[in-house]
Amino acid sequence: MNVEINDGKNSYLQEKHVFNGFGCSGGNLIPEISWSDIPEKAKYISITVYDPDAPTGGGWWHWVITNIPAAIFKGISADNYADVVKSGAIESITSFGQAGYGGPCPPEGYTPHRYVFKVYALENKLDANPAAQPGLMGFQLNAQAISTATSTLLYGR
């Protein structure tokens, strides 16, 4: 399985993907994420975005979305995001305390943080709760994934 982030620039996320809040003023738009070579038996796709460099002692979850129908979508972007959600995909809360994509916003003056985009192929729909903590969702995804792929982009300010 492969994952590609198509609108990163020289392995860095662009300002249009940066969070709008916490001292950042980006566009908070989902980058264009595509996947390929998923296993035939995969019926659903899930995505997490995680910053292991956040100064929290436990990283920072920027996005958790699951149950994207693999037969319908081969990627997600700001352009088709609403259609993906309408298809039955479920977003759980993030470290920002709300569901949905929350772009990067590392503290000023730190070295650029890594943003790990992980795509999971699932044979069965995940029994997902939108109020579930992102760590619990990650645990469930890793337990049920039949294949995964990651892509890491950077962002610093």
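In what follows, the structure referred to is the one given above.
Each value, and the rule that gives it
- Residues numbered from 1 in each chain as written.
- Predicted model: local features only at pLDDT ≥ 70, side-chain atom pairs only at ≥ 80, totals over all residues.
- Heavy atoms only, no water.
- Pairing = 2+ DSSP bridges.
- Helix = DSSP H or I, 4+ residues; strand = E, 2+ residues; numbered from the N terminus.
- Contact = heavy atoms within 4.5 Å.
- Axes fitted to C-alpha atoms, helices over the stretch in contact; angles between N-to-C directions.
- Buried < 20%, exposed > 50% of the residue type's maximum accessible area, 1.4 Å probe, protein only.
- Polar contact = N/O pair within 3.5 Å; in protein donor to acceptor, adjacent residues only side chain to side chain.
- Core = buried A, V, L, I, M, F, W, Y, C linked by side-chain atoms within 4.5 Å.

**Q** What's the story with the sheet that holds strand E5 (residues 44–51) in this structure? I'm lost.
**A** By definition, the strands of a sheet pair up through backbone hydrogen bonds, in either a parallel or an antiparallel sense. Pairing within the open sheet is antiparallel, and its five strands lie in the order E8-E6-E5-E9-E10. Since the sheet does not close on itself, it has two edges, and those belong to strand E8 (90–91) and strand E10 (145–155), each with one partner. Pairing between strand E6 (residues 60–69) and E8: two bridges, direction antiparallel. Pairing of Ile-65 across the sheet is with Glu-91, part of E8. Taken strand by strand, helix H2 (residues 134–144) contacts E5, E6, strand E9 (113–122) and E10, and its axis lies near 45° from that of E6.

**Q** How should the side chain of Asn-80 be read in this particular structure?
**A** Secondary-structure assignment places Asn-80 in the loop between strand E7 (75–76) and helix H1 (81–86). Taking relative accessible area as the criterion, Asn-80 reaches 19% and is therefore assigned buried. In this structure the side chain of Asn-80 is engaged in a polar contact, spanning 2.8 Å, whose partner is the backbone nitrogen of Ser-77. Residues contacting Asn-80, with those up to four places away along its chain left out, are Phe-73 and Gly-75.

**Q** Sorry, what's going on with the nonpolar core here?
**A** As a rule of thumb, soluble globular proteins bury nonpolar side chains together. Formed by 33 residues in total, the largest nonpolar core has its most connected members in Ile-33, Trp-35, Ile-47, Trp-63 and Ile-68. Elements with a minimum of two residues in this core: strand E1 (2–5), strand E4 (33–36), E5, E6, E9 and E10. In this structure Ile-47 touches Ile-33, Trp-35, Trp-63, Val-64, Ile-65, Ile-68, Ile-76, Lys-118, Val-119 and Tyr-120, once residues within four positions along its chain are discounted.

**Q** Sorry, what's going on with the sheet that holds E1 here?
**A** One open sheet accounts for three strands, arranged E1-E4-E7; its pairing is antiparallel. Of all the strands in the sheet, just E1 and E7 have a single pairing partner and so form its edges. One ladder, built from two bridges, connects E4 with E7; its direction is antiparallel. From the neighbouring strand, Ser-34 faces E7, where its bridge partner is Gly-75.

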